[in-house]
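# Structure assessment
The residues making up each chain are set out below.
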Amino acid sequence: MINFELIVKYLPLLLKGAITTLHIAAMSCFLGLTGGTLLALGQTQSSLIHASRLGKLRWAGSLLNYCISFYITIIRGTPMLIQIAFFYYAIIPALGLQISPLYAAIIAIGINSSAYISQVIRSGITSVDKGQLEAARVLGFSKMQSIRYIVLPQALRMVIPSLGNEFITLIKDSSLAYTIGVVELYKQGITMKSLTFDTMTTFTAVALIYLILTTVLSFVMNVIERKMNQHVKN
């Protein structure tokens, strides 16, 4: 049976962990969105350079595309748990750095997220009509201005549902940060279980908080998507 009195008693502890979970997810999403956008632009531009007739630039574009593709393949092909542990226990000591487990987890999860977000944004960029770029160049926009003011706004609008799904995934995947000592929601649940020995109540409470977080975020993303689509139609 679920002991609701225990849930009420340890709710502040769990909410404290939930705040850390949201912190990890938000910061990782920001890093993933930034890195993913750069990777997507790198891939799309390197493909254009590779398709050009300029020999040296074509070779450089091909090399850049292969490097980005290799990076994405490695990140997407290995478990996030391994990446977090490798980053914290291997890369950070090898570089002689001192980073707290929280920020180590944020960086590692952000790196993982960037590989997935890059493909989402890349699909959005390639879906923008090339005629709009040509029109922008005729109007005097530089290549960077065309990307900033024409391509990216439309690409991001089209991939908002996918980005929302990625953020929801990050909220759940942030639980892996407990493996390097980060006291987030799942870790607080482990603490509660060790104090109460009530596994059913503990993990029911933890699961409900995760469910509430992801449901609220889904609702917010749906509202944002409707507002943006309404603005476009108007």
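Higher on the page you've got the structure.
In what follows, the accompanying structure is described. (Residues numbered from 1 in each chain as written. Predicted model: local features only at pLDDT ≥ 70, side-chain atom pairs only at ≥ 80, totals over all residues. Heavy atoms only, no water.)

### Brief notes about the overall build of the protein chain
Helix and strand content of the protein chain: 9 helices and 0 strands. Taken from the N to the C terminus, the helices and strands of the protein chain come in the order α-α-α-α-α-α-α-α-α. The buried share of the protein chain, taken over its 234 residues, is 38%. Sequence separation of at least 24 residues holds for 78% of the intrachain contacts in the protein chain that already meet a minimum separation of 6. Split by element, the accessible area of the protein chain, about 13700 Å² in all, is 68% carbon and sulfur. (Helix = DSSP H or I, 4+ residues; strand = E, 2+ residues; numbered from the N terminus. Buried < 20%, exposed > 50% of the residue type's maximum accessible area, 1.4 Å probe, protein only. Contact = heavy atoms within 4.5 Å. Areas by Shrake-Rupley, 256 points an atom, 1.4 Å probe, with all protein chains shown as cover.)

### Observations concerning the side chain of Glu 166
Its location among the elements puts Glu 166 in helix 7 (residues 160-173). No salt bridge is formed by the buried Glu 166; its nearest oppositely charged neighbour, Arg 76, is found at 8.9 Å. Those residues within four positions of Glu 166 in sequence are excluded, and the remaining contacts are Ser 113, Tyr 116 and Ile 117. (Lys, Arg positive; Asp, Glu negative; His and termini not counted. Salt bridge = Lys/Arg side-chain N within 4 Å of Asp/Glu carboxyl O.)

### Overview of the layout of surface pockets
Quantified by volume, the second largest pocket comes out at close to 220 Å³. Contributing to the lining of the second largest pocket are Tyr 71, Ile 74, Ile 75, Thr 78, Ile 82, Gln 83, Phe 86, Phe 87, Ile 91, Ala 108 and Ile 111. Counting residues per element, the ones that place at least two in the lining of the second largest pocket are helix 2 (55-77), helix 3 (80-95) and helix 4 (101-126). Sort the elements by how many residues they give to the lining of the second largest pocket and helix 3 lands first, with 5 residues. Of the residues belonging to the lining of the second largest pocket, the class tally is 9 nonpolar, 2 polar and no charged. (1 Å grid on protein atoms, 1.4 Å probe; cavity = no way out; pocket = protein on both sides within 12 Å on 5 of 7 lines; lining within 4 Å. Points joined across faces, edges and corners; volume = space filled by probe spheres on them. Nonpolar A, V, L, I, M, F, W, Y, C, P; charged D, E, K, R; others polar.)

### Comments concerning unusual backbone geometry
Positive phi outside glycine occurs at Phe 197, with the angle close to 60°. By the element assignment, Phe 197 lies in the loop between helix 8 (185-196) and helix 9 (199-233).

### Details of a nonpolar patch on the surface
A surface patch of nonpolar side chains, amounting to about 520 Å² of accessible area, comprises Ile 212, Val 216, Phe 219, Val 220, Ile 224 and Met 228. Summarising the element assignment, Phe 219 is placed in helix 9. On the basis of relative accessibility, which here comes to 55%, the residue Phe 219 falls in the exposed class. (Patch = residues over 30% accessible without salt bridge, like charges linked within 9 Å, V, L, I, M, F, W, Y side chains within 5 Å.)

### A look at the packing of aromatic side chains
According to the stated counting rule, one finds 3 aromatic pairs in the structure shown. Each ring, one from Tyr 88 and one from Tyr 89, has its centre 5.0 Å from the other, and the planes form 75°; the classification is edge-to-face. Geometrically, the ring pair formed by Tyr 178 and Tyr 186 is edge-to-face, given 4.8 Å between the ring centres and 65° between the ring planes. On the accessibility criterion, Tyr 186 (24% relative accessible area) is partly exposed. Grouped by ring-pair contacts, the aromatic residues Tyr 178, Tyr 186 and Phe 203 constitute a single cluster. (Phe/Tyr/Trp six-rings, centres within 6.5 Å; stacked < 30°, edge-to-face > 60°.)

### With respect to the packing of helix 3 against helix 4
Running from N to C, helix 3 and helix 4 cross one another at 125°; their axes reach a closest spacing of 9 Å. Viewed along their axes, helix 3 and helix 4 adopt a mutual orientation that is oblique. With respect to the hand of their crossing, helix 3 and helix 4 are arranged in right-handed fashion. Here helix 3 contributes Met 80, Gln 83, Ile 84, Phe 87, Tyr 88 and Ile 92 to the contact with helix 4, which in turn contributes Pro 101, Ala 104, Ile 107, Ala 108, Ile 109 and Asn 112. Here the residues of the contact of helix 3 with helix 4 sort into 10 nonpolar, 2 polar and no charged. (Axes fitted to C-alpha atoms, helices over the stretch in contact; angles between N-to-C directions. Parallel < 35°, antiparallel > 145°, perpendicular 65-115°, else oblique. Left-handed = near helix turned anticlockwise from the far one by under 90°.)

### As for the nonpolar core
One finds Leu 14, Phe 167, Ile 171 and Ile 180 to be the most contacted residues of the largest nonpolar core, which totals 35 residues. Elements supplying a minimum of two residues to this core: helix 1 (4-51), helix 3, helix 4, helix 7, helix 8 and helix 9. Counting residues per element, this core draws most heavily on helix 1, which supplies 8 residues. Not counting residues within four places of it along the chain, the set of residues in contact with Ile 171 comprises Thr 21, Leu 22, Ala 25, Tyr 210, Leu 213, Thr 214 and Leu 217. (Core = buried A, V, L, I, M, F, W, Y, C linked by side-chain atoms within 4.5 Å.)

### Quick word on helix 8
The terminal C-alpha atoms of helix 8 lie 16 Å apart, and with 12 residues this matches the ideal 16 Å at 1.5 Å per residue to within 8%. Taken together, the buried positions of helix 8 are Leu 185, Gln 188, Gly 189, Met 192 and Thr 196. Angularly, the buried residues of helix 8 cover 105° about the axis, an arc narrow enough to put them on a single face. (Expected span 1.5 Å × (residues − 1). Arc of directions from axis to C-beta.)

### Let's talk about the environment of Leu 11
Relative to the helices and strands, Leu 11 is located in helix 1. Taking the C-alpha atoms as reference, Leu 11 lies 9.6 Å from Val 206; in sequence the two are 195 residues apart.

Geometry only, nothing functional implied.
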